[in-house]
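# Architecture at a glance
These are the residues of each chain, in order.
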Amino acid sequence: MSSVLPSPSLLINKETKFRQNHLTFDASFLQNETSIPQQFVWPEEEKPRREPPPPQLHVPPIDLKGFFTGEPLAVSNAAQLIDSACRKHGFFQVVNHGIDSRLIYEAHKIMDLFFGMPLSEKQRAQRKLGEYCGYASSFTNRFSSKLPWKETLSLRYSADPKCSNLVQDYFLNVMGEDFSYIGRVCQEYCEAISKLSIDIMELLGTSLGVGKSHFRDFYEEHDSIMRLNYYPLCQKPDQTLGTGPHCDPTSLTILHQDNVGGLEVYVDEKWHSIAPCSEAFVINIGDTFMALSNGLYKSCLHRAVVNNHTPRKSLAFFLCPKMDKVVCPPKALVEGINNPRIYPDFTWSTFLEFTQKHYRADMNTFEAFSKWLQNGRKCISEL
């Protein structure tokens, strides 16, 4: 395992000293360069190996049609498939999910519009240091090495009725009236995926045996993140990564890929590819839900690779609890001497702060966070 995984993360405040002279990741220029900046070159043991190509991971396609109608056999079969996948690696797919294909198409179309703009236009939504929303051209203002070959636009979405138009309002307030169409599509997409995420939480409650209402109620007014990902062409795809190896700190990731491919998952001591399917959403468990399940369901290590022939896009919705919700597994999962508590209680706001200000997300994020909590939130270097 140690031959392919990153070394422990550096302190954010050490890395950010670099931001005084950080380079600019301008995809329109860099995508044609035959030599990429050293900051984007990953260590030899972490570089993707293209030959032989990684084997495909069989991710069970779970048909939600029967689940939505409440047909008992369909619900039971879906719960069993999810339980098996989440205990092994934490990845599964859903089909017949109820999301309008035209909305998905429009969401991909607005990514072309946004990421196709000049860098100076996109930087009007520049993500500020320590914050999690806004535009990021790689993470050149935050880190100085192992930079990801990508651009992102991250948006806050809340299911609290008092925050009903956060996404649409963000575009109007930050980018202006000309972006009202992009804002409206993103808002509608988030609302549809929000509903799907709660449906999946009902299914996860069923598969874990705590009842379908437990996690549905826990996430009822969730405070989540929508991220648009754009991976430009790279003339040296064997030297860099679109996203480095990491486990998602959030609860649940609902991903729609285009047809290019590039998502890889680390299972059974090797990397596997996840084949794109336009009719499916790829879903994975994150660290926060792993804690809610008391470690029964796995938060899986994954990464994204790039290529030199076709840009790649994806839409990622990260389901998160309300900021002040205490993350604690249901009693049914921690009863008896065979089910001791594995992780400490925490709130999502504390974990989010940790990932934005104290630690660069990798495969050890939650382990480091737990240690940080148990040691009185001391500086990482003191632990």
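Let me sum up the structure you'll find in this document. (Residues numbered from 1 in each chain as written. Predicted model: local features only at pLDDT ≥ 70, side-chain atom pairs only at ≥ 80, totals over all residues. Heavy atoms only, no water.)

The next subject is the packing of aromatic side chains. Applying the stated criterion to the full structure yields 25 aromatic pairs. Ring geometry for Phe351 and Phe366: centres 5.4 Å apart, planes at 70°, overall edge-to-face. Of the two residues, Phe351 is situated in helix H11 (residues 348–357) and Phe366 in helix H12 (residues 365–374); the sequence distance between them amounts to 15 residues. Given a relative accessible area of 4%, Phe366 falls into the buried group. Ring centres 4.9 Å apart and planes at 40° place the aromatic pair Phe354 and Trp372 in the tilted group. Here Phe354 is found in helix H11, whereas its partner Trp372 is found in helix H12, with 18 residues between them in sequence. In this structure, Phe354 and Trp372 share a single accessibility class: buried. Among the aromatic residues, those joined into a cluster by ring pairs are Tyr343, Phe346, Trp348, Phe351, Phe354, Tyr359, Phe366, Phe369 and Trp372. The cationic tip of Lys195 hangs over the ring face of Phe68; the distance from NZ or CZ to the ring centre is 6.0 Å. The aromatic ring of Trp271 is capped on one face by Arg303, whose charged end is 4.2 Å from the ring centroid. (Phe/Tyr/Trp six-rings, centres within 6.5 Å; stacked < 30°, edge-to-face > 60°. Helix = DSSP H or I, 4+ residues; strand = E, 2+ residues; numbered from the N terminus. Buried < 20%, exposed > 50% of the residue type's maximum accessible area, 1.4 Å probe, protein only. Lys NZ or Arg CZ within 6 Å of the ring centre and 35° of its normal.)

Another point: the state of the cysteines. By the definition in use, this model includes zero disulfides. The structure places no disulfide on Cys133, whose sulfur is separated from the nearest cysteine sulfur, that of Cys320, by 10 Å. Judged by relative accessible area, Cys320 falls into the buried class, the value being 0%. (Disulfide = S-S within 2.5 Å.)

Two measures define how a pair of helices packs: the angle their axes make with one another and the distance between the axes. At a minimum axis separation of 7 Å, helix H7 (residues 166–175) and helix H8 (residues 180–208) run at an interaxial angle of 165°. Compared by their axis directions, H7 and H8 come out roughly antiparallel. Read as a crossing pair, H7 and H8 show a hand that is right-handed. Across from Leu166, Val167, Gln168, Phe171 and Leu172 in H7, the residues of H8 making contact are Ser180, Ile182, Gly183, Arg184, Cys186, Gln187 and Cys190. Grouping the constituent residues of the contact of H7 with H8 by class yields seven nonpolar, four polar and one charged. (Axes fitted to C-alpha atoms, helices over the stretch in contact; angles between N-to-C directions. Parallel < 35°, antiparallel > 145°, perpendicular 65-115°, else oblique. Left-handed = near helix turned anticlockwise from the far one by under 90°. Contact = heavy atoms within 4.5 Å. Nonpolar A, V, L, I, M, F, W, Y, C, P; charged D, E, K, R; others polar.)

Attention shifts here to the pattern of salt bridges. Summed over the entire model, instances satisfying the criterion amount to 16 salt bridges. Measuring nitrogen to oxygen at the nearest pair gives 3.4 Å for the salt bridge that ties Asp199 to Lys195. In this pair, Asp199 and Lys195 are both assigned in helix H8, four residues apart and thus about one turn of the helix distant. For Asp199, a relative accessible area of 14% gives the class buried. (Salt bridge = Lys/Arg side-chain N within 4 Å of Asp/Glu carboxyl O.)

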